[in-house]
Amino acid sequence: MRTRFSREEQAAVQSLSLRELFGSKISDYMILVFTGGDHLEDNDETLDDYLGRDCPEPLMASDKTKDPLKKADQLEQLIYLVNVVVENNGGKPYTDDLFKELKVESNLKETTHRLEEQLAKEQAARLKAELSAKEAQKKSDDEIRKLREYLERAQKETE
């Protein structure tokens with residue numbers, strides 16, 4: 001006997017994170033297909049009934065049949081959807097090369113992000129060093145001015 005698509009199963013699917021495994025574009029190449037519609041027909045149940053009222057919206061659409069003509073129609077619809085997905089992705093299927101390209105893109109983004117963070121830290125450190133240098137220069141200038149004043153007073157007193 002089948003069970004409903006539970007919240008735990010939904011959480012497991014979400015935690016699987018296909019985006020982490022296959023890159024951010026994977027959902028552009030996906031079609032979710034449910035099987036076992038004849039089991040639902042035997043129980044006079046719809047997929048919506050089976051999944052329950054708290055089902056995620058993407059899982060709500062359903063087709064079920066035992067009828068060979070309907071099955072052929074469903075297959076035709078699936079092929080149509082595959083063609084739409086391929087067309088929407090510039091005629092390119094999701095391949096290992098695309099996966100590698102997306103991984104490189106992801107790695108570049110990560111590297112860029114890390115470099116930007118490092119640059120920000122280094123800029124902050126440089127600004128802090130510049131401020132310290134300005135303060136040290138001001139103290140030095142003040143000391144030099146005081147010494148000159150002291151030297152001038154000493155020269156006047158000796159004259």
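Residues numbered from 1 in each chain as written. Predicted model: local features only at pLDDT ≥ 70, side-chain atom pairs only at ≥ 80, totals over all residues. Heavy atoms only, no water.

- In the annotation of an unreviewed UniProt entry, the entry for the chain reads AIG1-type G domain-containing protein, and the organism field reads Anisodus acutangulus.

## A look at the overall build of the chain
Stage number 1. Along its length, the chain carries six helices and zero strands.
Stage number 2. The linear arrangement of helices and strands in the chain, starting from the amino end, is α-α-α-α-α-α.
Stage number 3. The buried share of the chain, reckoned over its 159 residues, is 11%. (Helix = DSSP H or I, 4+ residues; strand = E, 2+ residues; numbered from the N terminus. Buried < 20%, exposed > 50% of the residue type's maximum accessible area, 1.4 Å probe, protein only.)

## Re the pattern of salt bridges
Stage number 1. For the coordinates displayed, the defined rule picks out four salt bridges.
Stage number 2. Ionic pairing is found between Glu105 and Lys109, a salt bridge with its closest N-O pair at 3.5 Å. With Glu105 and Lys109 both in helix H6 (residues 96–158) and four residues apart, this pair spans about one turn of that helix.
Stage number 3. Judged by relative accessible area, which is 30%, Glu105 ranks as partly exposed.
Stage number 4. A salt bridge links Arg145 to Asp142, with the nearest nitrogen and oxygen atoms 4.0 Å apart. A residue pair is termed a helical-turn pair when its members lie 3 or 4 positions apart in one helix, as Arg145 and Asp142 do in helix H6 at three residues.
Stage number 5. Where salt bridges share partners, they join Asp142, Arg145 and Glu149 into one cluster. (Salt bridge = Lys/Arg side-chain N within 4 Å of Asp/Glu carboxyl O.)

## Thoughts on the environment of Thr158
Stage number 1. For Thr158, the location among the structural elements is in helix H6.
Stage number 2. Here the side chain of Thr158 touches Gln155 through a polar contact of 2.9 Å, landing on its backbone oxygen. (Polar contact = N/O pair within 3.5 Å; in protein donor to acceptor, adjacent residues only side chain to side chain.)

## Considering helix H5 (residues 68–88)
Stage number 1. An ideal rise of 1.5 Å per residue puts 30 Å on 21 residues; H5 measures up with 30 Å between its terminal C-alpha atoms.
Stage number 2. Positive backbone phi, approximately 65 degrees, marks Gly90, located one or two places after H5. (Expected span 1.5 Å × (residues − 1).)

## A short note on a nonpolar patch on the surface
Stage number 1. Together, Ile31, Val33, Leu75, Leu78, Ile79, Tyr80, Leu81 and Val82 give the surface a local cluster of nonpolar side chains, amounting to about 690 Å² of exposed area.
Stage number 2. Structurally, the position occupied by Val33 is in the loop between helix H2 (18–22) and helix H3 (37–42). (Patch = residues over 30% accessible without salt bridge, like charges linked within 9 Å, V, L, I, M, F, W, Y side chains within 5 Å. Areas by Shrake-Rupley, 256 points an atom, 1.4 Å probe, with all protein chains shown as cover.)

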